[in-house]
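Coordinate analysis (summary)
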Amino acid sequence: MIIPAKPRVRSCDTVVVAAESSATGRTLFGKNSDRHPNEAQYLTLVPGAEHAPGTSVDCTFVSVPQVARTARVVGSRPWWMWGFEHGVNEHGVAMGNEALWSKLPPRLEAGLLGMDLLRLTLERSTTADEALECLLALVEEHGQSGPTNTVILESYDNGFVIADPSTAWLVQTAGRHWVAKRVTGVAAMSNLYTIGSDYTRISDGAVDEAVARGWFDPDAGTPFDFARAYGDEHLPDLDGCARRFDRSSHLLQELERSGRGLRLRDIHQVLRDLGDGPAEALRPGPRSEGAICMYAQDPAGSETAATIIAELDAAPELCRIGVSASAPRHAGLIQVWVDLDDFGTFEQPVDAAGADLWWETERLQRRIEAAFPAFAPIADSVFDRVNRRFFSLSQQPVGRSRDDRQAVFFAGEARHRAAVAQLTELFEELGPVLVEQGDADLRGDHLARLAALVETTTVERSAPVRERVLADAQRHSVKTA
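Definitions and cut-offs
Residues numbered from 1 in each chain as written. Predicted model: local features only at pLDDT ≥ 70, side-chain atom pairs only at ≥ 80, totals over all residues. Heavy atoms only, no water. Buried < 20%, exposed > 50% of the residue type's maximum accessible area, 1.4 Å probe, protein only. Helix = DSSP H or I, 4+ residues; strand = E, 2+ residues; numbered from the N terminus. Contact = heavy atoms within 4.5 Å. Pairing = 2+ DSSP bridges. Lys, Arg positive; Asp, Glu negative; His and termini not counted. Salt bridge = Lys/Arg side-chain N within 4 Å of Asp/Glu carboxyl O. Polar contact = N/O pair within 3.5 Å; in protein donor to acceptor, adjacent residues only side chain to side chain. Phe/Tyr/Trp six-rings, centres within 6.5 Å; stacked < 30°, edge-to-face > 60°. Disulfide = S-S within 2.5 Å. Core = buried A, V, L, I, M, F, W, Y, C linked by side-chain atoms within 4.5 Å. Axes fitted to C-alpha atoms, helices over the stretch in contact; angles between N-to-C directions. Parallel < 35°, antiparallel > 145°, perpendicular 65-115°, else oblique. Left-handed = near helix turned anticlockwise from the far one by under 90°. Nonpolar A, V, L, I, M, F, W, Y, C, P; charged D, E, K, R; others polar.

Okay, helix H6 (residues 264-271) next. Along H6, six of the eight residues are buried, which leaves the element largely enclosed by surrounding structure. Every buried residue of H6 is accounted for by Leu 264, Asp 266, Ile 267, His 268, Val 270 and Leu 271. On its buried face, H6 sits against strand S1 (13-17), strand S2 (28-35), helix H5 (238-257), strand S16 (303-311), strand S17 (320-325) and helix H8 (372-394).

It is worth spelling out the pairing of strand S12 (residues 168-174) at this point. The two faces of a sheet get side chains in turn, since along a regular strand they alternate between them. Within S12, seven of the seven residues are buried, which leaves the element mostly enclosed by the surrounding structure. Relative to S12, strand S11 (residues 157-163) runs antiparallel, the two being bridged by five bridges. Across the sheet, residue Phe 160 finds its bridge partner in S12, namely Val 171. Between S11 and S12, which follow one another and run antiparallel, lie four residues. Of the pairings in the sheet, the one linking S12 to strand S13 (residues 177-182) comprises six bridges and is antiparallel in character. Considered in S13, the bridge of Ala 174 is made with His 177. In this antiparallel pair of consecutive strands, S12 and S13, the connection spans two residues, and Gly 175 shows a positive phi of 65°.

Along the chain, Asp 164 turns up in the loop between S11 and S12. Buried charge Asp 164 goes without a salt bridge, the closest partner of opposite sign being Arg 182 at 7.1 Å. In terms of polar contacts, Asp 164 uses its side chain to reach the backbone amide nitrogen of Ala 128, at 2.9 Å. A distance of 2.7 Å separates the side chain of Asp 164 from the backbone nitrogen of Thr 167, its partner in a polar contact. The contact partners of Asp 164, leaving out residues within four places of it in the chain, are Thr 27, Gly 92, Val 93, Thr 127, Ala 128 and Leu 312.

So, about the packing of aromatic side chains. Counted according to the given criterion, the structure contains 12 aromatic pairs. Ring geometry for Trp 101 versus Tyr 156: centroids 5.5 Å apart, planes at 65°, classification edge-to-face. With Trp 101 in the loop between strand S10 (94-100) and helix H1 (114-123) and Tyr 156 in the loop between helix H2 (128-142) and S11, the pair connects residues that are 55 residues apart, well separated along the chain. Residue class for Trp 101 comes out buried when judged on its relative accessible area of 6%.

Our focus in this paragraph is unusual backbone geometry. For Asp 237, which is not glycine, the phi torsion reads 70° and is therefore positive. Position of Asp 237 among the secondary structure elements: in the loop between helix H4 (226-230) and H5. You can call Asp 237 partly exposed: its relative accessible area is 31%. Phi at Ser 326 takes a positive value of approximately 60°, unusual for a residue other than glycine. Mapped onto the elements of the fold, Ser 326 is located in the loop between S17 and strand S18 (334-336).

Mapped onto the secondary structure, Glu 413 falls in helix H9 (residues 402-439). For the buried Glu 413, no salt bridge is present, and the opposite-charge side chain at shortest range is Arg 417, 5.0 Å distant. Side chain to side chain, Glu 413 and Thr 345 meet in a polar contact 2.6 Å long. Ignoring any residue separated from it by four or fewer positions in sequence, one finds Glu 413 in contact with Ile 334, Phe 343, Gly 344, Thr 345, Phe 346 and Leu 357.

Evaluated as defined, the whole model comprises zero disulfides. Cys 241 carries a free sulfur, and the closest cysteine sulfur to it, the one in Cys 12, is 10 Å from it. Assessed through its relative accessible area of 1%, Cys 241 is described here as buried. Between Cys 293, a cysteine without a disulfide, and Cys 12, which holds the nearest cysteine sulfur, the sulfur-to-sulfur distance is 13 Å.

Core analysis: the largest hydrophobic core is formed by 86 residues, its most contacted members being Leu 252 and Ile 321. With six residues, the top contributor of residues to this core is H5. Once residues within four sequence positions are removed from consideration, Leu 252 is found in contact with Val 15, Val 17, Val 186, Ala 187, Ala 188, Leu 262, Ile 267 and Val 270. Leu 118, Ala 131, Leu 135 and Val 139 belong to the second-largest nonpolar core, a separate cluster that totals 28 residues.

All right, on to the sheet that holds strand S9 (residues 86-89) then. The strands that make up a sheet are held in pairs by hydrogen bonds between backbone atoms, and each pair lies either parallel or antiparallel. Strand order in the open sheet formed by eight strands is S3-S8-S9-S10-S11-S12-S13-S15, with antiparallel pairing between adjacent strands. Of all the strands in the sheet, just strand S3 (41-46) and strand S15 (201-202) have a single pairing partner and so form its edges. Running at roughly 5° to S12, H2 makes contact with S10, S11, S12, S13 and S15 of the sheet.

Further remarks concern the environment of Asp 208. Mapped onto the fold, Asp 208 is located in helix H3 (residues 206-212). When the C-alpha positions of Asp 208 and Pro 218 are compared, they lie 9.5 Å apart, and in sequence the two are 10 residues distant.

Our next topic: the sheet that holds strand S14 (residues 186-189). Strand order in this open sheet of six strands is S14-S1-S2-S16-S17-S18, and the pairing throughout is antiparallel. At either end of the open sheet lies a strand with only one pairing partner, and these are S14 and S18. For this sheet, the mean angle separating the axes of adjacent strands, direction not counted, is 15°. Both S1 and S2 contribute to a ladder of five bridges, which runs antiparallel.

To continue, consider the packing of H5 against H6. Remark: H5 packs on H6, axes separated minimally by 10 Å, with the N-to-C direction vectors making an angle of 155°. Classified by the angle between their axes, H5 and H6 sit roughly antiparallel to one another. Remark: the crossing between H5 and H6 carries right-handed chirality. Between H5 and H6, the contacting residues are Ser 248, Leu 251, Leu 252 and Leu 255 on the first element and Asp 266, Ile 267 and Val 270 on the second. Tallied by class, the residues present in the contact of H5 with H6 amount to five nonpolar, one polar and one charged.

What follows concerns the pattern of salt bridges. Across all of its chains, the model carries 32 salt bridges by this definition. For Glu 360, the salt bridge is made with Arg 417, and the minimal N-O distance between the two is 2.6 Å. Here Glu 360, found in helix H7 (residues 357-370), pairs with Arg 417, found in helix H9; they are 57 residues apart in sequence, far enough to count as distant. Arg 366 serves as the salt-bridge partner of Glu 362, at 2.8 Å between the closest nitrogen and oxygen.

Have a look at this one:
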């Protein structure tokens, strides 16, 4: 693993539209989950269950006490982890997390990751308010620590967006401290602290610790600002996070000012955004980790690995959820429901013989990136048609049985995979010619270096990789003690 001198700030974008700003009067939620390029991400179903007293649940690195009843959840899971990057439960509660880098020392010891906290909270809550209380209790009791990926040895704190059909919250944490802000209108979160003195709630002791560490002067006559006190403002690439946050906030606010009420299609358009510069500046390159639809700058960078959009409802059959693999610019949305039993090739394969929708899509993405100016417009056109089909079907009256809805999922999966297969074949044939014509990747041999680092991302490989990642962190901690 790479051991950086300082954390390299990058990662996800989450957006939420409160019920009063939605065209349907129901909360809208969306997230791009950004991970390292070879870090596959799979759709995972967790059935609801009853649990005996005294039992525990095994998370990515540690176990915690289990509760008596857990809800059914569908989430997007980095292939080697237990936790989720984002998800929705059977009660219409949605969550997404954001990596945040605070001034607190890195914590690589085995503990709960932000992704673990998210999944635990979705399994234990029936409303956004209840999810907020559950999350805050977990953060205060267990904290957050552990290595967060398989490429760079690092840990981070977390921000969370929590939503249900009528309510939404922003939460930002630093160790066991936190602030929470209730959402009105529209809101976005990227990978920087943005809740300052405008919080709704704050953890006991957050101000005292900031004072003790010299991060806040209570005699200065200014309100306590959580972001200024706890956020590390001197990290490399923080400007890219700020660009993404400013861009998503701007797009949401423009849509809100139109007065027509935002729709699910609007959320998808925000998450597909590459920026507002000239076309040549919007292709993968040295600054492409500053785009909402993110492409990695190098093998240690991040790119969008999975996307979710949702119009929330407490009834599973009425909750409109769309998911896609890899970057949303060039992927088909597939409609899912929390009460389905089978997510086909979007589930993690048990072994190397299994079909893998995520890698099929990612390989196409890399073909597109190899000659982006030529291939991207073609893929745009194809997936625009695929996604128009998604929005048309998802707006039809819901009187379908669960079997009918399962068939809708399989049809969407088939449409996406067919588009991926046809485009992959076309671009494989045309690629060498177009690269010679000057459309080559601005990042040089980036794609070749990525290919050399690919590892098998099956179920049977998950546990050994978790053990390897934790062992690397423990060896580093011993050396630096």
